[in-house]
Amino acid sequence: MPARKKGISAMEELVISVSRKPRRSDVFLLRLMAVLGVLFLLQGILFSTAFMLPCFLTALCYYWYRHASKREYEYTLDEESLKIERVSDHGRNLLYEIPYGSIVLVCRPDSDEAAPYRKGGAVRVKKEDYTSYREDVPYYTVIVRDEPRMLKLLMDLTPEAIRLLRRRNRETVRISDTQ
């Protein structure tokens, strides 16, 4: 999860790249499609060419799913907002542009401040996960007021990003420096 700084000190911008680790179910499904594709190919060669159509469709599904399951995100923290973009082979897709004034809470997911926003909590929020799924990388809960609803974003934030968020909106960041 490398972070790079751009710009000069007056125009501070922090970019964090997050590459999502593939889930076990994704790996299993890709292997299953590859085995089925080879099986259909062998049946098409040995028995009948009618098995070539399922072979082709399985290979097409494998190719499509392999590219659809690959996820990379980029968080950009600049002077006025936090931007979340999905990065793919086809380009960038801006998912959210959140002004710092819309951020209600930044905390660890197991803290008491996040309790009302958990599943079954007092406040209903839509949850979006933009983490890397790596166990060695800490992730944070970011609660955003996006009128008329609220969003719960799970993000891999670096210490520099937390310091920048604290400078922009001090009362919303509820993470102690010792954690």
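Now for a quick tour of the structure. Along every chain, residues carry numbers that run from 1 in the direction the sequence is written. Reporting of local features is limited, given that this is a predicted model, to residues whose pLDDT is at least 70; pairs of side-chain atoms are given and counted only at 80 or more, and all residues count toward the totals for whole chains, interfaces and linings. Only hydrogens and water are set aside when side-chain values are computed; all heavy atoms of the structure are taken into account.

A look at the pairing of strand β2 (residues 13-19)
Moving residue by residue along a regular strand, the side chains alternate between the two faces of the sheet.
Piece 1. Exposed residues in this analysis have more than 50% of their type's maximum accessible area, buried residues have under 20%, and partly exposed residues fall in between, with area computed by a 1.4 Å probe over protein chains only. Each helix is a run of DSSP H or I of at least 4 residues and each strand a run of E of at least 2, with the numbering of both proceeding from the N terminus. Counting buried positions along β2 yields 5 of 7 residues, so the element is predominantly enclosed.
Piece 2. Two strands pair when backbone bridges link them, and β2 and strand β3 (residues 72-77) are joined in this way by 6 bridges, in the antiparallel orientation. Along β3, the bridge assignment pairs V15 with T76. In this analysis, strands are considered paired if DSSP registers two or more bridges between them.

Let's talk about the pattern of salt bridges
Piece 1. When a carboxyl oxygen of Asp or Glu lies within 4 Å of a side-chain nitrogen of Lys or Arg, that pair is called a salt bridge. Enumeration according to the criterion identifies 8 salt bridges in this entry.
Piece 2. Put simply, K83 and D78 hold a salt bridge, and the shortest N to O gap is 3.2 Å.
Piece 3. Between E160 and R163 there is a salt bridge whose closest N-O contact spans 4.0 Å. Remark: R163 and E160 occur in helix α3 (residues 159-168); sequence separation between them is 3 residues, near one turn of the helix.
Piece 4. Where salt bridges share partners, they join E74, E85 and R92 into one cluster.

Some details on the packing of aromatic side chains
What characterises a pair of aromatic rings is the spacing of the ring centres plus the angle enclosed by the ring planes.
Piece 1. For Phe, Tyr and Trp, rings pair up if their centres lie within 6.5 Å, where Trp contributes its six-membered ring, and each pair is then called stacked (planes under 30 degrees apart), edge-to-face (over 60) or tilted (otherwise). The final tally for this structure, using the stated rule, is 3 aromatic pairs.
Piece 2. On the basis of an interplanar angle of 75 degrees and a centroid distance of 5.0 Å, the ring pair of Y73 and Y130 is categorised as edge-to-face. Here Y73 is found in strand β3, whereas its partner Y130 is found in strand β7 (residues 126-130), with 57 residues between them in sequence.
Piece 3. Judged by relative accessible area, which is 4%, Y130 ranks as buried.
Piece 4. An angle of 70 degrees between the planes, with centres 6.4 Å apart, marks the rings of Y96 and Y130 as edge-to-face. Remark: Y130 occurs in strand β7 and Y96 occurs in strand β5 (residues 91-99); sequence separation between them is 34 residues. This pair shows no difference in class: Y96 is buried, exactly as Y130 is.

Regarding the pairing of strand β9 (residues 149-155)
Piece 1. The element β9 is largely enclosed, with a buried count of 6 among its 7 residues.
Piece 2. With 5 bridges connecting them, β7 and β9 associate as parallel partners. Counted as the bridge partner of Y130 is M155 from β9.
Piece 3. The pairing of strand β8 (residues 140-146) with β9 spans 7 bridges and is classified as antiparallel. Among the inter-strand pairings, I143 is bridged to a residue of β9, identified as K152.
Piece 4. Linkage of β8 to β9, two consecutive antiparallel strands, is achieved through a turn of 2 residues.

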